[in-house]
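If you want the building blocks of each chain, they are given just below.
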Amino acid sequence: MPHTSADRPWNHAAAVRAITRADRAGQATPVATGLLRALPGVLDAVVGDPVPGAEVVVPMASGQTLSLSCSGPADPRLAPLADTVAATLEAVAPAGVDFRDALIAQMPTFIALFSPDGLLLWTNVVEWPDGTRVAYGQTQISAITALVHPGDQGALAESLATLHERDPGGQIRNTVRVRRDDGGWIVMDVIVLDRVDDPAIGGLITFSSDVTALHDTEYTLALTAARLDALVGALHVGVLLQDADRTVLIANSTAATLLDLRKPPAELAGLGAEELRGLRGMPAEHYREIDELGRRCLADGVEVHGAEVALGAHRVVEVDFVPVVLDDRRLGQLWVLRDVTEQVELQRALVARNDELSRLAALKTEFIATVSHELRTPLTTLTTLTPMLTDGGDGLLAQAVERNVTRLAELVETLLFLAAVESRSRELEIVPTRLEPLVGAQVAALAAHASTRSVLVVHQQPGAVTVVPGDRELLARMVHHVLAAAIGSSPPSATVRVCSAREPEGWVLEVTDECPLTVDAGRLFTTVPRGDREGDPLIGSGLGLALARAIAERHGGAVYLRPARQGGTTVRVELPLAV
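Given the structure is predicted, the values throughout are model-derived calculations rather than measurements. (Residues numbered from 1 in each chain as written. Predicted model: local features only at pLDDT ≥ 70, side-chain atom pairs only at ≥ 80, totals over all residues. Heavy atoms only, no water.)

J.: Is there a simple way to explain the nonpolar core in this structure?
T.: As a rule of thumb, soluble globular proteins bury nonpolar side chains together. Formed by 40 residues in total, the largest nonpolar core has its most connected members in Met-478, Leu-509, Val-511 and Leu-575. Those elements that place two or more of their residues in this core are α12 (395-422), α13 (435-445), α15 (472-488), β17 (495-503), β18 (506-513), α16 (542-554), β19 (558-563) and β20 (569-575). If you tally residues by element for this core, the top one is α15, at ten residues. Once residues within four sequence positions are removed from consideration, Met-478 is found in contact with Ala-548, Ile-551, Ala-552, Val-573 and Leu-575. (Core = buried A, V, L, I, M, F, W, Y, C linked by side-chain atoms within 4.5 Å. Buried < 20%, exposed > 50% of the residue type's maximum accessible area, 1.4 Å probe, protein only. Helix = DSSP H or I, 4+ residues; strand = E, 2+ residues; numbered from the N terminus. Contact = heavy atoms within 4.5 Å.)

In structure tokens:
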């Protein structure tokens, strides 16, 4: 006999189907008690310990009871229906099913089964990502796709609607954005299996996994890779990154240009070593040195920096090799190439110029020594004969001859001494030398000469004494010539200031006069004393300063000239604290 509308809530078959379907999602008990609570006159339905005062109590095989509390006397149809519900719960919950259901409910993947016409049959979740409660037999697949971002809805909806027709028993996969309960979006990887023709399933199964973190990571990696490509592409050095199999991962335009590769850098990624070799535009012999370096680097597996190799006859490249290692595992290698052709050519030119200057300096020293030796013999004769001329009667003429002959002899001796210092034939006698007392002694020694020229020498003596290893005699002569040059170039009533100090870099002596630096400073080191000193006041100081500089350089120091603040000239001597 057909059931009337009044009998529908008491339909035992409908209750069994609802509970059985809910059991697929582990929701059998909540659905069963919900059905019973919906009956007229039923206040509560509980599966568990017996409820005191319950109008209907049905014992269950599991040891629990199904207790029903009513608002009045129980409807006669209630007890049979409660017995059917209890039996159904016992049938759908064999040993291990609770454990299975608990595991399925904890799965990080959302699983849903839809009928061929799109009705939700089962899922392992109780609510959708946006917080909407699951409603079996009511939720349509279109309501699920409505949770998807509008930009992803079309492709997913079309795939679901046409999968069975296009590929029976097949599957599709989509990555879509799905709305969260807070209004934001998560990224989900959705796999749809067509199992409509499977008698045990009879529908579409969807597996959805939250891949937001993976998507964010992939985006970050892609962004980093794009930035890295832009950075590498902008570098003016060649960059070539390979994996462990020597496959190109990154190459920039500078590398392609230096290696003369016949493909743009964007097309080099993914090429192996032999494929890259086939793109070379120069003859094979031009790559011989860089190939040999590459073989050594790969075999040794150690970092190499600044290795120069020739690429043909007109290009020199500096190569860095850096192995890429993680946890002692070789992942690849990085090559950095720099075109140093211009620097190498400049260096070669500089070496050639230095060689030429050294040769000229040696010739100058040899010339000075030769001329000095040639002059020594006639000067010795003149020096010997000059007293005889003095005895002859013309005293003024004889004194002038004697004075200039003596001066010329001193000049020759100074030239010979300068040649000996510059050629290093004069050995240094290194002893600890107290520099401040040595300066004071030279100031005192030249006091009479300064007084004769009406020049005031002001010596600012430091409180501490600096001791350096050096040749005491040569250092004294160096200070003497610097002081004598300043006094000799100063006009009457001028002041020469002398000060020395120990600085972090070494010991410094500064001698300042009031004569402006009106000529090239280099001339002061090359001017040879000539005749009268009346015209240019700098004439006569050059040889002494040249000797002072030679002595300073033999001790690892230097002599500089610069304009003084007050308008004069400062001669600065610098000596290291250790030779």
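From this point, things continue past the structure.
J.: Teacher, can you tell me more about helix α6 (residues 150-166) here?
T.: With 17 residues, α6 should cover 24 Å at 1.5 Å per step; its first-to-last C-alpha distance of 24 Å lies within 8% of that length. All of the buried residues in α6 are Asp-152, Leu-156, Ser-159, Leu-160 and Leu-163. Contacts made by the buried residues of α6 are with α5 (141-145), β6 (171-179), β7 (185-195) and β8 (203-210). (Expected span 1.5 Å × (residues − 1).)

J.: Help me understand a nonpolar patch on the surface, please; the structure alone is not making it clear to me.
T.: Together, Leu-228, Leu-231 and Leu-235 make up a nonpolar patch on the protein surface, roughly 240 Å² of accessible area in all. You can see Leu-235 is positioned in the loop between α7 (212-234) and β9 (238-243). (Patch = residues over 30% accessible without salt bridge, like charges linked within 9 Å, V, L, I, M, F, W, Y side chains within 5 Å. Areas by Shrake-Rupley, 256 points an atom, 1.4 Å probe, with all protein chains shown as cover. Salt bridge = Lys/Arg side-chain N within 4 Å of Asp/Glu carboxyl O.)

J.: Explain the packing of helix α1 (residues 12-23) against helix α2 (residues 28-37) here, please?
T.: Each packed pair of helices is defined by two parameters, the angle between the axes and the distance between the axes. The contact between α1 and α2 brings their axes to 7 Å, and the two run at 150°. Classified by the angle their axes make, α1 and α2 are roughly antiparallel. For the crossing formed where α1 meets α2, the hand is right-handed. Touching Ala-15, Ala-18, Ile-19, Ala-22 and Asp-23 of α1 are Ala-28, Val-31, Ala-32 and Leu-35, all from α2. Of the residues that constitute the contact of α1 with α2, the class distribution is eight nonpolar, no polar and one charged. (Axes fitted to C-alpha atoms, helices over the stretch in contact; angles between N-to-C directions. Parallel < 35°, antiparallel > 145°, perpendicular 65-115°, else oblique. Left-handed = near helix turned anticlockwise from the far one by under 90°. Nonpolar A, V, L, I, M, F, W, Y, C, P; charged D, E, K, R; others polar.)

J.: Looking at this model, I keep getting lost on the pairing of strand β3 (residues 65-70). Mind explaining?
T.: A regular strand places its side chains on the two faces of the sheet in alternate fashion. The element β3 is largely enclosed, with a buried count of six among its six residues. Residues Thr-65, Ser-67 and Ser-69 point to one face of β3 and Leu-66, Leu-68 and Cys-70 to the other, with burial holding for every one of them. Direction of pairing for strand β1 (residues 42-48) relative to β3: antiparallel, over a ladder of six bridges. Residue pairing across strands places Val-42 opposite Cys-70, the latter belonging to β3. Where strand β2 (residues 56-59) meets β3, four bridges bridge the pair, whose relative direction is antiparallel. (Pairing = 2+ DSSP bridges.)

J.: Looking at this structure, I do not really get the side chain of Glu-436. What am I missing?
T.: Relative to the elements of secondary structure, Glu-436 occurs in helix α13. Within the buried core, Glu-436 has no salt-bridge partner, and the shortest N-O distance to an opposite charge, that of Arg-434, equals 7.5 Å. Side chain to side chain, Glu-436 and Trp-507 meet in a polar contact 3.0 Å long. (Lys, Arg positive; Asp, Glu negative; His and termini not counted. Polar contact = N/O pair within 3.5 Å; in protein donor to acceptor, adjacent residues only side chain to side chain.)

J.: Looking at this model, I keep getting lost on unusual backbone geometry. Mind explaining?
T.: In this model, Asp-260 sits at a positive phi of 55°, which is unusual for a non-glycine residue. A positive phi angle is found at Asp-328, which is not glycine, with a value near 65°. Among the structural elements, Asp-328 can be located in the loop between β12 (316-326) and β13 (329-339).

J.: Explain empty space enclosed by the protein to me, please; I cannot follow it from the model alone.
T.: Sizing a probe to match a water molecule and rolling it over the atoms shows the empty space that remains. Per the stated rule, a full pass over the model turns up three cavities of 30 Å³ or more. Considering only enclosed or pocket space, the largest cavity measures out at about 250 Å³ in volume. Counting only elements with at least two residues in the lining of the largest cavity, the list comes to β4 (109-114), α5, α6, β6, β7 and β8. Residue composition of the lining of the largest cavity, by class: 15 nonpolar, three polar and no charged. (1 Å grid on protein atoms, 1.4 Å probe; cavity = no way out; pocket = protein on both sides within 12 Å on 5 of 7 lines; lining within 4 Å. Points joined across faces, edges and corners; volume = space filled by probe spheres on them.)

J.: Sorry if this is basic, but what is going on with the sheet that holds β20 here?
T.: Strand pairing in a sheet takes place through backbone hydrogen bonds and is either antiparallel or parallel in direction. Overall, mixed pairing links the five strands, which are arranged β15-β17-β18-β20-β19 in an open sheet. Both edges of this open sheet fall to β15 (456-460) and β19, since each of them pairs with a single strand only. Strand after strand, the sheet turns through a mean of 15° between neighbouring axes, direction not considered. Pairing between β18 and β20: seven bridges, direction antiparallel. The residue bridging Leu-509 from the neighbouring strand is Val-573, located in β20.

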